[in-house]
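What the coordinates show
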Amino acid sequence: MAMKIAVFDTHVLRSDGRRMHFDILVQDEPADRDMDKVLAHGRRYLDDKGVTAMSLTAHECRFCHVEQARPEVEQTIRERGFAILEMEGCGNP
């Protein structure tokens, strides 16, 4: 059975004025859905991309829905604890 994941819709304003839209995907378990933990994943993703966001709080990152994980997403979550689905403005600075 595929892993159920919680999807957090995230919109941030980069320090260069551009907007980024991405989803933070975590296992649908209470400990993994903890907002502080989800936000830490978002900050790690931004750091890995070399992007400075003006703010990343629960205001910019909101729970959206639960869905079945695709196999590659499930593998990433098992390895890293989270996965990112890039939507808009996520290219390197």
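Presented here is a report on the structure given in the accompanying data block.

Along the backbone of the protein chain there are 2 helices and 4 strands. Counting from the amino terminus, helix and strand elements in the protein chain follow one another as β-β-α-β-α-β. Relative to a compact globule of 93 residues, whose C-alpha radius of gyration would be 12 Å, the protein chain shows 13 Å and is just as compact. Expressed along its principal axes, the backbone C-alpha trace of the protein chain runs to roughly 40 × 25 × 20 Å. By residue count, 37% of the 93 residues in the protein chain fall in the buried class.

Here we take up the nonpolar core. Core analysis: the largest hydrophobic core is formed by 16 residues, its most contacted members being Met-20, Phe-22 and Leu-46. For this core, the elements supplying multiple residues, two or more each, are β1 (4-13), β2 (19-27) and α1 (35-49). Beyond its immediate chain neighbours, meaning those up to four positions away, Met-20 contacts Thr-10, His-11, Val-12, Arg-14, Tyr-45, Leu-46, Val-51, Glu-88, Gly-89 and Cys-90. Of all hydrophobic cores here, the second largest spans 8 residues; its members include Leu-25, Ala-69, Ile-77 and Ala-83.

The next subject is the sheet that holds β2. Ordered in space as β3-β1-β2-β4, the 4 strands form an open sheet in which the pairing is antiparallel. Since the sheet does not close on itself, it has two edges, and those belong to β3 (61-68) and β4 (83-88), each with one partner. Neighbouring strand axes in the sheet, compared pairwise and without regard to direction, differ in orientation by 25° on average. Sheet topology places β1 next to β3; 7 bridges connect them, and they run antiparallel. Within β3, the residue paired with Phe-8 across the bridge is Phe-63.

Position of His-41 among the secondary structure elements: in helix α1. His-41 has contacts with Ile-24, Val-26, Gly-81 and Phe-82, leaving out every residue within four places of it along the chain.

What counts, and at which threshold
- Residues numbered from 1 in each chain as written.
- Predicted model: local features only at pLDDT ≥ 70, side-chain atom pairs only at ≥ 80, totals over all residues.
- Heavy atoms only, no water.
- Helix = DSSP H or I, 4+ residues; strand = E, 2+ residues; numbered from the N terminus.
- Rg over C-alpha atoms; globule rule 2.2 N^0.38 Å.
- Buried < 20%, exposed > 50% of the residue type's maximum accessible area, 1.4 Å probe, protein only.
- Core = buried A, V, L, I, M, F, W, Y, C linked by side-chain atoms within 4.5 Å.
- Contact = heavy atoms within 4.5 Å.
- Pairing = 2+ DSSP bridges.
- Axes fitted to C-alpha atoms, helices over the stretch in contact; angles between N-to-C directions.

In short, shape yes, function no, at least from these values alone.
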